[in-house]
Amino acid sequence: DGGITQSPKYLFRKEGQNVTLSCEQNLNHDAMYWYRQDPGQGLRLIYYSQIVNDFQKGDIAEGYSVSREKKESFPLTVTSAQKNPTAFYLCASSDTGSIRETQYFGPGTRLLVL
Amino acid sequence: QQPVQSPQAVILREGEDAVINCSSSKALYSVHWYRQKHGEAPVFLMILLKGGEQKGHEKISASFNEKKQQSSLYLTASQLSYSGTYFCGTASLVQGAQKLVFGQGTRLTINP
């Protein structure tokens, strides 16, 4: 079955630690996205990537970094510079990144700070 | 800029109808609607494109008023499974890639 997988489902971060969230898709989609969702809030865009080896900052990129070395993978690193990282992180992908395309979401990773 | 959704929350009995509105201060090229159950990922419902084209769910309808920069989602004869938070996302192209900005959500509760 084609889809988007995210791991882990829950992740705990100690103060000063960098953590990496995994996102993999086998839909052969070109575009991939990372969103952050806080309780009772909408989704806010962190980073997005239209093609391999290229990505752009979204609305809340500070304290986060990404890479896109393979078409199917778009990992997100939450760095120690992100002072309030507790949130639900969602990865999405779309076929071409066109304005007419649907974004499909993975199951999410819940990040908690110890 | 984030689109504004109304109402923020609504409670219905099974079988009743609901309308959720999404307004933007910017020109709209497409509007995407999603439903999210608690603790789960958003699920795609419908996309409305400039010019009137729609793609999406059979039992849910929506409208897109380009002049007013508004979209409305219509849920008729609601079922218990319709409960969840509904988000609209307004799309623009930034450096050749689609960028969605989501509203704050409308929480829909359907009671038996």
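Residues numbered from 1 in each chain as written. Chains lettered and ligands numbered in written order. Predicted model: local features only at pLDDT ≥ 70, side-chain atom pairs only at ≥ 80, totals over all residues. Heavy atoms only, no water.

We now examine the overall build of chain A. Along chain A, the regular secondary structure elements total zero helices and 11 strands. The secondary structure elements of chain A, listed N-terminal to C-terminal, are β-β-β-β-β-β-β-β-β-β-β. Taken over C-alpha atoms, the radius of gyration comes to 13 Å for chain A, in line with the 13 Å a tight globule of 114 residues would show. Counting only residues that meet the buried cut, chain A has 51% of its 114 residues in that class. A separation threshold of at least 6 residues defines the contact pool for chain A, and within that pool the share at least 24 residues apart is 53%. Each charge sign in chain A was given a centre, from 12 positive and 12 negative side chains, and these centres are 7 Å apart. (Helix = DSSP H or I, 4+ residues; strand = E, 2+ residues; numbered from the N terminus. Rg over C-alpha atoms; globule rule 2.2 N^0.38 Å. Buried < 20%, exposed > 50% of the residue type's maximum accessible area, 1.4 Å probe, protein only. Contact = heavy atoms within 4.5 Å. Lys, Arg positive; Asp, Glu negative; His and termini not counted. Charge placed at Lys NZ, Arg CZ, Asp CG, Glu CD.)

Turning next to the layout of surface pockets. One simple way to see leftover space: roll a probe sized like a water molecule over the atoms. Roughly 500 Å³ of volume is contained in the largest pocket. Taken together, 22 residues make up the lining of the largest pocket; nearest its centre are A:Gln37, A:Pro39, A:Gly40, B:His38 and B:Arg107. Mapped onto the lining of the largest pocket, the elements with two or more residues apiece are strand S9 (87–94) and strand S11 (109–113) of chain A together with strand S9 (84–94) and strand S11 (106–111) of chain B. Considering each element in turn, the lining of the largest pocket owes the most residues, three residues, to S9(B). (1 Å grid on protein atoms, 1.4 Å probe; cavity = no way out; pocket = protein on both sides within 12 Å on 5 of 7 lines; lining within 4 Å. Points joined across faces, edges and corners; volume = space filled by probe spheres on them.)

What follows is about the sheet that holds strand S3 (residues 19–25) of chain A. Residues and elements named next belong to chain A. A sheet is described by the order of its strands in space; here four strands give the open sequence S1-S3-S8-S7, paired in antiparallel fashion. Each edge of the open sheet carries a strand with a single partner, namely strand S1 (4–7) and strand S7 (64–66). Each strand axis lies, on average, 20° off the axis of its neighbour in the sheet, ignoring direction. Where S1 and S3 come together, four bridges link them in antiparallel fashion. Bridged to Ser-7 within S3 is Ser-22. (Pairing = 2+ DSSP bridges. Axes fitted to C-alpha atoms, helices over the stretch in contact; angles between N-to-C directions.)

A separate point is a nonpolar patch on the surface. All names here are of chain A. On the surface, Tyr-10, Phe-12 and Leu-114 cluster together into a nonpolar patch covering about 360 Å² of accessible area. Relative to the helices and strands, Tyr-10 resides in strand S2 (residues 10–13). For Tyr-10, a relative accessible area of 49% puts it in the partly exposed group. (Patch = residues over 30% accessible without salt bridge, like charges linked within 9 Å, V, L, I, M, F, W, Y side chains within 5 Å. Areas by Shrake-Rupley, 256 points an atom, 1.4 Å probe, with all protein chains shown as cover. Salt bridge = Lys/Arg side-chain N within 4 Å of Asp/Glu carboxyl O.)

Summed over all chains, the structure comprises 10 aromatic pairs over all chains. Relative to A:Tyr35, the ring of A:Tyr33 lies with its centre 6.4 Å away and its plane at 25°, an arrangement referred to as stacked. Each member of the pair, A:Tyr33 as well as A:Tyr35, is classed as buried. For the ring pair A:Tyr35 and B:Phe102, a centre distance of 5.6 Å and an interplane angle of 80° mean the geometry is edge-to-face. Here A:Tyr35, found in strand S4 (residues 31–37), pairs with B:Phe102, found in strand S10 (residues 97–102), and the two come from separate chains. Joined through ring pairs, the aromatic side chains of A:Tyr33, A:Tyr35, A:Tyr48, A:Phe105, B:Tyr34, B:Phe44 and B:Phe102 make up one cluster. The aromatic ring of A:Phe88 is capped on one face by A:Arg110, whose charged end is 4.3 Å from the ring centroid. (Phe/Tyr/Trp six-rings, centres within 6.5 Å; stacked < 30°, edge-to-face > 60°. Lys NZ or Arg CZ within 6 Å of the ring centre and 35° of its normal.)

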